[in-house]
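Coordinate analysis (summary)
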Amino acid sequence: MNKVLVVGGGGRCHAIVETMCKSAFVSQVYCAPGNAGIAEIATCVPIKDTDIDALLEFAEKKDIDLTIVGPEAALAAGIVDAFQAAGRKIFGPTKAATIIESSKDFAKELMDKYNVPTAGYQTFDSYEKAVEYVRGGSFPTVLKYDGLAAGKGVVIAENLAEAESALKDMLLDDKFGHGKVVIEEFLEGPEFSLMCFVNGDKVYPMPVAQDHKRAFDGDKGPNTGGMGAYTPLPFISKDDIDYAMEKIMKPVAAAMVAEGRPFCGVLYGGLMKTPSGIKVIEFNARFGDPETEVVLPRLQCDFYCLITDILDGFTPVIEWEDCATLGVVLASKGYPGSYEKGYAIEGFTKVETPLYHMGTAVSKGDLVTSGGRVMMVVAKGEDLAEARDKVYKEIKKLKCKNLFYRKDIGHWAF
Ligand code: AMP
Ligand code: GLY
């Protein structure tokens, strides 16, 4: 029997831990640092997800057989390199491969070089040159900070004033750190997430899902880390998926090998179905959040075997349940801006569908809010309408004074 360590603590890790707990080959799951929900099904270890030395020491001490990494910060900090150097099995990309997510400029150059369809772009490190460029272009225009910014480093500027203000934040005031800005052509069409299990040039797709990045109904308001997700997607055909696999995901995995940065882990394609074909919006080097919370509940095969087969170079058997899943995030009022923490959450024991904790804590015996995104309620159905109706019924059982959620998750599908 095997011991698994999951690094991270949000809803994505809750879903990973839950799926690992179902494996017939796993006797114990640890999660560092985990959260209040994960603590109910696994052993949480109070180590920060970026404290690589302490995580490795823990893995050595417990003789962990497999480590899986959730958040990008740990990957970008080199957790995989450290574990590999110590001979510990770990599923995730090295620091050199994580750059596909941690630098938008790298990702754009790679796509350019290998003819992968994406929006046209220019990169700037000078505020003046960037402003001059947007003055000569059309609106809306898309400004992306070239580094990790927790999903908040992208601004869609509708006019010059908005563009100047965002460029000032990113290039003069170093709001996300000192760095460059990628200015991109604005594309239109439904977005979808295609996550793939990857080892080198071997690429195995998961079912496509759709995230809802804007804070409010009707896809209005600021970008967030994700307010809900669902799968499957009626507007993405099998041909679309084949195209995305053959023209985007497989060529990019092969390109990373050719560039001397072989990718192992989950390669997340944030894609858009535009009138001129499917194009890349972004890549992530990890499981998506909140997509993982709706995709993994459909996994029917053994998760531990799947991951270790991929790591060991065997062809994995991957089976997905033929059903729909839909999940809605409950977030603290004010998110993605500033918000208060510590509000009691009641009624959660009555929820009958999967409930993933994102930012919760236990204070004096009560479950309380402790993050921007707090929980995600997910339901399965024979179709999306059934899954949606179940989720919104279950959500009503949760009582908390400081939470809000979107009422229209899945609207692209109906
Ligand atoms: P990203 O972090 O790159 O995924 O961007 C966050 C969100 O901004 C995306 O999910 C899109 O909704 C939007 N976005 C990013 N790039 C573009 C683009 N070139 N055209 C239109 N919308 C975009
Ligand atoms: N759902 C978007 C992300 O994981 O970055």
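First, a word on what this report is: a plain description of the structure on this page. (Residues numbered from 1 in each chain as written. Chains lettered and ligands numbered in written order. Predicted model: local features only at pLDDT ≥ 70, side-chain atom pairs only at ≥ 80, totals over all residues. Heavy atoms only, no water.)

The subject of this paragraph is the overall build of the protein. A count of helical and extended segments in the protein gives 12 helices and 23 strands. For 414 residues, the compact-globule estimate of 2.2 N^0.38 gives 22 Å, and the protein sits close to it at 21 Å. For the protein, the spread of C-alpha atoms along the three principal axes comes to 60 × 50 × 40 Å. Residues classed as buried in the protein amount to 56% of the 414 residues present. Restricting to contacts in the protein with at least 6 residues of sequence separation, those with at least 24 account for 68%. Here the protein has roughly 17,000 Å² of accessible surface; of this, 49% comes from carbon and sulfur atoms. (Helix = DSSP H or I, 4+ residues; strand = E, 2+ residues; numbered from the N terminus. Rg over C-alpha atoms; globule rule 2.2 N^0.38 Å. Buried < 20%, exposed > 50% of the residue type's maximum accessible area, 1.4 Å probe, protein only. Contact = heavy atoms within 4.5 Å. Areas by Shrake-Rupley, 256 points an atom, 1.4 Å probe, with all protein chains shown as cover.)

This paragraph deals with the site of ligand 2. Contacts to ligand 2 come from D211, K213, Y268, N284, R286, G288, D289, P290 and E291. Within the contact set of ligand 2, a nitrogen atom lies 2.7 Å away from a side-chain nitrogen or oxygen of D211. Contact between ligand 2 and Y268: a nitrogen atom at 3.5 Å from a side-chain N or O atom of the residue. Burial of ligand 2 by the protein amounts to 91% of the accessible area it has alone, namely 200 Å². For the shell around ligand 2, a count of residues per class yields two nonpolar, two polar and five charged. (Near = heavy atom within 4 Å. Polar contact = N/O pair within 3.5 Å; in protein donor to acceptor, adjacent residues only side chain to side chain. Nonpolar A, V, L, I, M, F, W, Y, C, P; charged D, E, K, R; others polar.)

Further remarks concern helix α11 (residues 303-312). Where burial is concerned, most of α11 is hidden: seven out of the 10 residues are buried. F303, Y304, L306, I307, T308, I310 and L311 are the residues of α11 that are buried. Among the residues of α11, the N-terminal cap falls to D302, whose side-chain oxygen and the backbone nitrogen of Y304 are separated by 3.1 Å. Positioned one or two residues after α11, G313 has a phi angle of 85°, which is positive.

What follows deals with the site of ligand 1. Within the structure, ligand 1 sits among 15 residues, and E184, E185, L187, E191 and E282 are positioned closest to it. E184 places a polar side-chain atom, nitrogen or oxygen, 2.7 Å from a nitrogen atom of ligand 1. Within the side chain of E282, one N or O atom sits 3.0 Å away from an oxygen atom of ligand 1. Burial of ligand 1 by the protein chains amounts to 94% of its free accessible area of 470 Å². Elements represented by at least two residues in the shell around ligand 1 include exactly β7 (141-145), β8 (154-157) and β17 (277-284). Here the residues of the shell around ligand 1 sort into seven nonpolar, one polar and seven charged.

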